[in-house]
Amino acid sequence: MARPRIPKAARFPQGLPDRDTLMNYLRETGESDRAAIARAFGLKGADRRALREMLKSLEEEGALSRRGRKGFSETGALPEVGVVDVAERDPDGDLLVRLTKGEDAPLVVLAPDRKAEAGQAPGLGDRLLVRFVRLESGDYEARLIKRLGQSAHRILGVVRKARREIRVEPVDRRSKETLLLSEAEAGDLRDGDLVVAQVGRSESRYGPKRGKLLEVVGREDEPRAASLIAIHSHGIPTGFSDAALAEAESAQEPTLAGREDLREIPFITIDPADARDHDDAVYAEPDTDEKNPGGWIVWVAIADVAAYVRPDSALDREARDKGNSVYFPDRVEPMLPERLSNGLCSLREGENRACMAVRMVFDASGRKRSHRFVRGLMRSAAKLSYEQAQAASEGRTDDKTGPIAETIIKPLWTAYGVMKKGRDARSPLAIESLERKIHIDEMGRIASIIPRESLEAHRLIEEMMIQANVSAAETLEAKRTPQIYRVHDEPSQEKLQALVDFLQTLEIPWTKGEAPRTERFNRLLEQTRDTPHAEIVNEVVLRSQMQAIYSSENIGHYGLNLARYAHFTSPIRRYADLIVHRALIRALGLGDDGLSDRDISQIKATAEMITAAERRAMAAERDATDRYIAAFLADQVGAEFDGKITGVTRFGLFVRLRDTGADGLVPVSKLGSEYFVHDDRSHALVGERTGARWPLGMAVRVRLEEATPVTGGLLFEMLSEPAPPDRNTPRPRLGMRARGDRRPGGPKPRNGRPPGIKNTRQRKMGGKRR
């Protein structure tokens, strides 16, 4: 259903509205900025100033919340579209859903899906993409757009054979649904088989339900089982139809027809050493224009995927459904068939390739003066790894980089030095995110886990890609062509207040009401960089940020501090970029394979779908990594490790190990004999009797007690002593104890495992997710 229509001015009395009228207006619109409100009520001059004060007053008393930099909505209002979990069933049998963003989100009735086939309706535990609609009663209703991930009616699990029964134990550590299989069904199954089973009815009020075997997908002890489990449990689409494969195989080598010849420009690709597809290439040279002294010309060429994936073709439909490629430590589930992704759409060294390229001109201060898009034919002069390019820029050349060090690599680094001035002036959010690289051997086992090195070569490519993305968004806006933006909202007032409360516990000032500008966050990070609080402040600032999404409406990109931003540079692995390519082709008259009318009619739904697909991919990648790391540590049970507390909950502490980056839980029952209360203001567990504290960011020593590869779960025992009481933090009251505590130490574990074990690592803005 379409979003509620914005009320026309005629529906409201003209002039400054009273409180009730203003709130009614916002309820009907869902959200609105000050300028739109003023237009609706015909306000000018002094009335506009009075409206500003009224909105400020309503926000301060909590009646309104900000949405974006300028928008307002009624506090407690739900977004137009959101990802939800089916949480409960009410007495009338209706399903209730809750936004996945947290436990404080309200429960909302899910409208029946009348198009669903028998047995395919959503069930408890399902993850869905829904549209929230406000009813005349003022209540919300959730309407299904798309199902995400594994159905609650199906379980991916491991077969456990016992003398009297055959069970299927779920691989999802959040699930408690164990199924029983009949001996007739389980005759050929072996202990440890990975299977998909359908949930049946329980034969009694207590005990497991009966299950029906649907599919055997592998073995839990297979080296590559981690990614296999992630693919099945998150519903990642795999493979391609015969029609899509036939279209890919029929693709022809590119020619100059309708293209600008760019083969004399010595583009190079710079990618990870193990990259198989190369969708971007770069080149830079000084600007010889006398009007631009010290300026530089930067070319970015991107694979012309739109030339091969036409609107509404089989390739297009399946790419839209996938949304993006999904990367696991041991495999890739690509958005496009290999014939395109690793072949005709990969900018291979020395081979002619179709491309969409942008020529950007920067002045000596790093400000972009102009840009121009062309559809061309290019030939990469060299394929380099990040490490090769970095070494060559520092004078350490090899056989490949030596001949091009002065003519290609040095100009790229000089151009980046100029572009960096503009980046520094823009002051994008400078949160540090330590990632680790998992190396898989030929047998599919983890050989090593090492920190992913951050090189200047990474930042060079990132900034050139960002500027190409900005150029695409600016061109499409100037041509008034619909597009899919990459948007990132500023922190919500609730998250910002939580950050301010936490900073007060560290005696770090943040003025009340101070605008959350990116440069202000960067000053905070710089202020604490060389202090004991550096990592914890970085972690809490990261958690205060919103997640970037795709949208057909622009609110800017807060983290990058950009007014307009789109994804243009990775069409091999992201459907959003393909849509932007088509939009540029249509806007600039570069061919007949541009954005179709059907594309335009679906652009809002497409943005919603690929945002959900990105979330699905991130969750699957994270879960696979967790399982691989658990398998890597499984033979080290009993070993001791150094780590830091990265998450604090009422049921325990999440600890990240220093060497591997593995995340695991120390249950609250392992912290001592007294009750510990979760103080969310200071992000700490605090002892009720002694005031001893386990704060976020504290360095600790732990012992590995349990590693479960099939679920990715790690359990630790705490070996360190807690921090002493904080005199500035009031001792928690007995009544603040978390509900469900059964004994000293916290909640009683269920099934031998504390509730809610999960990985808390979040990558909201890291690297290529921007």
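A brief report on the enclosed structure follows.

Rules used throughout
Residues numbered from 1 in each chain as written. Predicted model: local features only at pLDDT ≥ 70, side-chain atom pairs only at ≥ 80, totals over all residues. Heavy atoms only, no water. Helix = DSSP H or I, 4+ residues; strand = E, 2+ residues; numbered from the N terminus. Buried < 20%, exposed > 50% of the residue type's maximum accessible area, 1.4 Å probe, protein only. Contact = heavy atoms within 4.5 Å. Areas by Shrake-Rupley, 256 points an atom, 1.4 Å probe, with all protein chains shown as cover. Salt bridge = Lys/Arg side-chain N within 4 Å of Asp/Glu carboxyl O. Patch = residues over 30% accessible without salt bridge, like charges linked within 9 Å, V, L, I, M, F, W, Y side chains within 5 Å. Lys, Arg positive; Asp, Glu negative; His and termini not counted. Charge placed at Lys NZ, Arg CZ, Asp CG, Glu CD. Pairing = 2+ DSSP bridges. Axes fitted to C-alpha atoms, helices over the stretch in contact; angles between N-to-C directions.

## Some remarks on the overall build of the chain
Broken down by element type, the chain carries 16 helices and 36 strands. Of all 770 residues assigned to the chain, the portion counted as buried reaches 53%. Of the contacts made within the chain by residues no fewer than 6 positions apart, 67% connect residues no fewer than 24 positions apart. Surface accessibility of the chain: about 36,200 Å² in total, with carbon and sulfur atoms responsible for 47%.

## A word on the environment of Ala225
Note on placement: Ala225 falls in helix H4 (residues 225-233). The buried category is assigned to Ala225, whose relative accessible area is 4%. For Ala225 and Leu194, which are 31 residues apart along the polypeptide, the C-alpha to C-alpha distance reads 8.7 Å. Dropping the residues within four chain positions of it, Ala225 is found in contact with Leu194, Arg219 and Glu220.

## Section: the pattern of salt bridges
Scanning the entire structure with this criterion turns up 58 salt bridges. Between Asp593 and Arg310 there is a salt bridge, and its shortest N-O distance comes to 3.8 Å. Placement of Asp593 in the loop between helix H14 (575-588) and helix H15 (597-601) and of Arg310 in the loop between strand S17 (296-303) and helix H6 (314-322) is noted, with a sequence separation of 283 residues between them. Arg310 gets classed as partly exposed once you look at its relative accessible area, which sits at 38%. In this structure, the salt-bridge partner of Asp599 is Arg582, at a minimum N-O distance of 3.3 Å. Remark: Arg582 occurs in helix H14 and Asp599 occurs in helix H15; sequence separation between them is 17 residues. Given the relative accessible area of 0%, Arg582 is considered buried. Through salt bridges with shared partners, one network takes in Glu640, Asp642, Arg658, Asp659, Arg701, Arg703 and Glu717.

## Some remarks on a positive patch on the surface
There is a patch of like positive charges on the surface, built from Arg34, Arg39, Lys44, Arg48, Arg49 and Arg52. Within the residue set of the positive patch, elements represented by two or more residues are helix H2 (34-40) and helix H3 (46-60). With three residues, the top contributor of residues to the positive patch is H3. Within the fold, Arg52 resides in helix H3. Relative accessible area serves as the criterion here: at 37%, Arg52 is assigned to the partly exposed category.

## Side note on the sheet that holds strand S32 (residues 693-695)
A sheet is described by the order of its strands in space; here three strands give the open sequence S30-S31-S32, paired in antiparallel fashion. Each having just a single partner strand, strand S30 (676-679) and S32 make up the two edges of the open sheet. Between one strand axis and the next, the sheet turns by 20° as a mean value, whatever way the strands run. Pairing geometry for strand S31 (residues 684-687) and S32, over three bridges, is antiparallel. Note that in S32 the partner of Ala684 across the bridge is Pro695.

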